[in-house]
Amino acid sequence: MIGATHYVALSLILLCIGVVGLMVRRNFITVLMSLELMFNAVNVNLIAFSFRLGDLAGQVLAMFVITIAAAEAAIGLGLIIALVRLKDTVALEEADEMGG
Amino acid sequence: MDFLVANFGAILFYVVATITVAAAVGVVTLRNPVHAAVSLLLTFLMVAVLFVMSHAEFLAAVQVLVYAGGIMVLYLFVIMLARIKDLGPGKVFLSGLAPLAVLAGVVLGCLIAIGILLGSMAAGDGGAAAMTAVDGEAIGNTEAVGWLLYLKYLVPFEVVSVVLLVAMIGAIVFGRRDAALAGAGEEVEP
Amino acid sequence: MKFYDLIWLIPILPLLGAICNGFVSNRLGLKKSVTHGVALLGSGLAWLLGWAAIVQWILDLGIHHTHVVRLYSWIQGGSLRILDGSLAEVDIAASFQLDAVSALMVFFVTFVGFLIHVYSIGYMHDESDRAYARYFSFLNLFMFSMLVLVLGSNLAVLFVGWEGVGLCSYLLIGFYFEKDWCAAAGMKAFIVNRIGDWGFLLAIFATFMVFGTLEFTEFFPAAAAHPEHFASAATLIGLLLFVGAIGKSAQIPLYVWLPDAMAGPTPVSALIHAATMVTAGVYMVVRCNVIYRLSPTAMLVVAIVGGLTAIFAATIGLVQNDIKKVLAYSTVSQLGYMFLGAGVGAFVAAIFHVLTHAYFKACLFLGSGSVIHACGGEQDIRKMGGLKKHMPTTYWTFLVATLAISGIPIFAGFFSKDEILFKAFEAGASDLNRFGSAYYVLWILGMVGAVLTAFYMFRLVFMTFHGEFRGGEEAAHHLHESPWTMTMPLVVLGVLSIFGGLVGVPGKLFHHPEWNLVERFLEPILLPIGHAAEGGHDVSHHAVSFGLEWGLVVLSVAVASFGIWLAYRFYMGTEALVRPQRLAEHFPLAYKLLLNKYWMDEIYGATVISGTVKGSRLLWEFDARVVDGAVNGTALTTVGSSFISGIFDLRVVDGAVNLIATCYDVASRWFRKLQVGFAQGYAMVMVFGAAILLAVYYLFKLN
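This structure is a prediction, so every number in the text was calculated from the model and none was measured. (Residues numbered from 1 in each chain as written. Chains lettered and ligands numbered in written order. Predicted model: local features only at pLDDT ≥ 70, side-chain atom pairs only at ≥ 80, totals over all residues. Heavy atoms only, no water.)

Participant: Quick one: what's the story with the overall build of chain C, residue by residue and with numbers?
Facilitator: From N to C terminus, chain C includes 26 helices and 2 strands. Counting every position in chain C, which comprises 703 residues, the buried fraction comes to 55%. In the form shown here, chain C has an accessible surface area of approximately 29800 Å², with 70% of it arising from carbon and sulfur atoms. (Helix = DSSP H or I, 4+ residues; strand = E, 2+ residues; numbered from the N terminus. Buried < 20%, exposed > 50% of the residue type's maximum accessible area, 1.4 Å probe, protein only. Areas by Shrake-Rupley, 256 points an atom, 1.4 Å probe, with all protein chains shown as cover.)

Participant: For the packing of helix α5 (residues 155-173) of chain C against helix α10 (residues 266-275) of chain C, give the residues involved together with the corresponding values.
Facilitator: All names here are of chain C. The N-to-C vectors of α5 and α10 enclose an angle of 160°; their axes lie 11 Å apart at closest approach. By the criterion of interaxial angle, the relationship of α5 to α10 is roughly antiparallel. Classified by chirality, the crossing of α10 by α5 is left-handed. Residues Cys168, Ser169, Leu172 and Ile173 of α5 pack against Val268, Ile272 and His273 of α10. Residue classes in the contact of α5 with α10 are distributed as 5 nonpolar, 2 polar and no charged. (Axes fitted to C-alpha atoms, helices over the stretch in contact; angles between N-to-C directions. Parallel < 35°, antiparallel > 145°, perpendicular 65-115°, else oblique. Left-handed = near helix turned anticlockwise from the far one by under 90°. Contact = heavy atoms within 4.5 Å. Nonpolar A, V, L, I, M, F, W, Y, C, P; charged D, E, K, R; others polar.)

Participant: Tell me about the confidence of the model for chain B, residues and numbers included.
Facilitator: Chain-level statistics for chain B give a pLDDT mean of 81 and a share of 75% at 70 or above. Summarising per-element confidence for chain B, the mean pLDDT is lowest in helix α8 (residues 179-182) of chain B (51) and highest in helix α3 (residues 33-53) of chain B (93). (pLDDT = per-residue confidence, 0-100.)

Participant: Before we move on, could you go through the interface of chain C and chain A and cite the residues and values that matter?
Facilitator: Tallying the contact residues gives 9 residues for chain C and 13 residues for chain A. The tally of links between chain C and chain A comes to 0 salt bridges. At the boundary of chain C with chain A, the tally comes to 2 residue pairs in polar contact (both at pLDDT 80 or more). A per-class count over the side of chain C that touches chain A returns 5 nonpolar, 3 polar and 1 charged. (Salt bridge = Lys/Arg side-chain N within 4 Å of Asp/Glu carboxyl O. Polar contact = N/O pair within 3.5 Å; in protein donor to acceptor, adjacent residues only side chain to side chain.)

Participant: Explain the interface of chain B and chain A residue by residue, including any values.
Facilitator: Taken together, the contacts link 92 residues of chain B with 70 residues of chain A. Of the roughly 7000 Å² buried between chain B and chain A, counting both surfaces, carbon and sulfur atoms make up 77%. In this structure, the connection of chain B to chain A is made through 0 salt bridges. Across the chain B-chain A interface, the total number found is 6 residue pairs in polar contact (both at pLDDT 80 or more). Within the residue set of the side of chain B that touches chain A, elements represented by two or more residues are α2 (8-29), α3, α4 (57-81), α5 (97-118), β1 (133-134), α6 (141-152), α7 (154-175) and α8 of chain B. Of all the elements, α2 of chain B adds the most residues to the side of chain B that touches chain A, at 12 residues. (Buried area = accessible area lost by both parts, 1.4 Å probe.)

Participant: Tell me about the environment of isoleucine 603 of chain C, residues and numbers included.
Facilitator: Relative to the helices and strands, isoleucine 603 of chain C resides in helix α25 (residues 600-672). Relative accessible area serves as the criterion here: at 42%, isoleucine 603 of chain C is assigned to the partly exposed category.

Pasting the structure below:
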C-alpha cells in the first residue's frame, strides 16, 4: 500500500526540483518560489512521518514551518522590492555588489 | 471498478503526486513569473490534498489558507505592484551553472535516497486514530493539534510569534521608500 | 735603649726630612731657610745618632760583635728547594746590622753628607724656592738610601738601598731637567746602573739557591766553614755581584755614565759620585769578602778590571779641559784602585781608600764648585787661572786634597793607596792563588797610574789657580771667595785630607802593627776561611822582606813626585801650556784619542744602543705586522662572514618569508574567485557540501 516511503520519495523529488530551481533560475521571484517549494517538500515529509508514527508533534512542527515560510516570504519579497528599486531588475546575477 | 475501489487510496495518491511534481517542474521552468506563481499555487493545493490523505486535516486547511491564500497572493501582488519587468528575451536559466546545478540536485537526491533505502519503513497507516486523539480521547485533529500546540509546544509557539513580528517589521523596513534604500542621488519611486 | 738599637732610625731621619721637604716645602714654596733647616736636621741628627751608636757599640759590645737589629718580617714566601736538596724558608727580614765595616761607612757617610748639605746651602742659593726644596728633598732621600745600603744586614735590604741610591742619582743628575743634556745624563746613569743591577739580582738569587738565606750573619760563616764545598758557587756569586759593582762603581765597561753625571749640581757630584754612591760597590765587595776569598778567579777578575780601569781613566783625565770631567775620570780611576785592592785580597786597604778618597775627593769637588761659582758658571780650565789670589781658602784646601790624591806622605791618600799597591806587589811576590805574574803586571799598572794621577791633578791645580786669568775682563771682576757655608766644609775636609789617613799608618813598617787602627778595626769582618791558622790574613806576609817594603814606599813617593814635577814643567812658569801643546802636536792621534775618551760613548752608541733599538724596532714590526695583522685579519674575517650571513639573511631567510607571503597572496587570489557575490553560486556550493557530508556520513555508517 501507500506507505511513508512513497510520501518520502515524493518529498525528495520536490526537494530536488526546488534545489535545482533555486540554483538555476535567473529571476529572483522564481527563486523564491522554488524556495517555497522546498518548504512544502519538508512539510510533506513531516506529515508523512507524523501519520506513520502516530505522533502529532510532526504536525505541530509542520505548522511552525508554514509560519516561518510565511515570514520568510514576506522578507524575501521586501528584498525584491528593494532590489528592484536599486537595480531596476530582478535578475539575480546583477546583485553582486558583495563580490570580490 | 473493484480495482478502483479497492485501490482508491493508491490511485489517488499517484495522481496527486504526479500533478504535484508536474506543477513543481512548472514552477522551476516557466518563464513568466505569473505563470510560475499559478503553478506554485497548484502545487500548494495538491500538497493540501496530500495532507488530508494523511489525516492532517487542520494542517491542510492551514496550508490552503496561509500558502495559497496568503503567500501566493503576496507574490502576485508584489509581481504586480513592483512592476517586475520580464527578463526579456534572455535566458531563463543561467547558462554555465545549469548542468552543474542539476548534477548537484541529482547527487543530493540520490544520496538522500540511499538513506531512505537503508532505513526500514513499513507500509500502513498506523496512526490514523492517533491523529485525532489526545490522551486516548477522540476529539478531532484540530483540537488535538491545538492541545499540543498550546500546552506542550507553547514556548516554540511564542517564539514563532516573535519571529512573525520581526518579519513583519523587516518587511515594513524593506518596503519603505527612502533614500537610504534607493541609494544616494537616485530618484525615489513613488 | 741603647743607640745601637736605634740604628734603624739613622736612615729614617733623613727620609723624614725628604718627605717633609718633598711634599710640604716643595708644594707650598716655603722659604729656603725652612727647607735647608729641615734637611740639615735630617742629615745632622742622622750623623749624631750614627756616631753615638758607633761609639756605644764599640764601648759596650766591642768591634767583634755584629749587632743585628731586626725590625719585621718583610718578605715571606713559601719554602723553596735549594741547590743541596734541602728546603729553605723564604723569610727575608727588614733588619739592620752594625759591625766594623758598616760602622766605618756610617761614620764617614753621615759626616761627609752633613758637610755637603751645609755646602749646598751656599751653592744652591740662587735657585728658586721650589727647586731648592726639591734639591734638599732628593739629597735627604739619597742619605736615606745610602744608609739603608750600608746598614742592611742581608742582601735584600742592601739591594733596596742600592736601587735607592741609583734612583736618587738619576733624580739629582737630572736636577736641571729643563736642559735636555742634563735629563739625558740622568737617564744614562740610571740605565747603565740598571745593567749592573741585573747582575746583582742574579747574584741574590744564586746566593739563596746555594745558601738558603740572604742574611750576612748566616751565610758568611757557612761559606767560611766549608770553603771547598762552596768554591764554585762562590765564583759565580762573586762574579755576579761584581757585575753590579761595575755598574754602580763605574768600572770598565759601565763607567760611561759617571763623566756625564757631572751635569748635575756640583755638591751632588761631590756626595754621590765621589764619596758615597760609587763606593757602594767597593763596600759590597768588601762586605762579601768571604765569598771572594773562596774564589781566586773572581778575585782576579775584580783585580784586573780595577787595575785596567785605574789606568784607562787616568789616561783620559790627562787631557780633559772641564774641571769636573777631570775629577770624574779621577774618581773612576781611584775606584779602580779600590777594586784592585779588593782583588789582591787587601780588603781593609780598599775600604781605607774609600774613607780617604771620600775626604779628598769631596774636598776637590766642593772646591771645584767654589771655583765654578766664582767664575760665574765657567767650567773650562783653559779659561781659568790665577784664582789663587782671589780665593785663598778654596786654593789651599784644593791643594791639600790634591796632595792627598797624589799619594804624598802624611796626607791621607798616601797611606791607603800605598797599602793597595804594596798588597798588589805582595800578591805578585807570593804568587797568590797561582796568579802571581798577573798581579805583578797589575802592580806596574797601578804605579803608572799613580804617576798619571799626580800629573793630571797638579795640571788641574796649576791651570786653575796659578798663572794669569784667561777668562776675560768681564768674568775677572766677579772673582770672589765663596761664603762661609761653602768654605767651612772645604776646610773641614781639607784638614781631614791631611790627618785623616793617620788612622791607617802602616805600623808594621815601624815594627808596631798595632798603630794601624783601621786594620785592627776591620779585622772582624775577615772571617777565617776553613782551617787557616791565621785569622783573616790569607796573604803570606813573608813573601816581601822588610827592606823591600820600605823600598816600595819610597818608590811610590818618588813616582808621585815625578808626576808633580812633570806637571810643573808643563803648566807652570813662563812656558806654561806651550810644552803640552807641542806634545799634542807631536802625537796628534794620541791626543785626539784621549780627548775623545777613546770614543767609548760613540762605540757604545753604534753597537749596543743601535743594536737594542734595532731589536726593539724589529719586535715592534713583528707586533704591528704579525700580531696586529692577525687581529685585523680576525676582524676582517668577522666582517666577511657577517657580510655573507647578511646576504644569506636577505636572500634565503627573507626569501622564505616572502615566499610564504606570496603563497598567501596566490591562494587568496584563488579563493577570492569563490566570492563572486553571486548568491546562487553559494547555494550550489552549499548543496554540494551537504552532499559531501551525507556521503561521508554514509561511509562512516557503513564502516
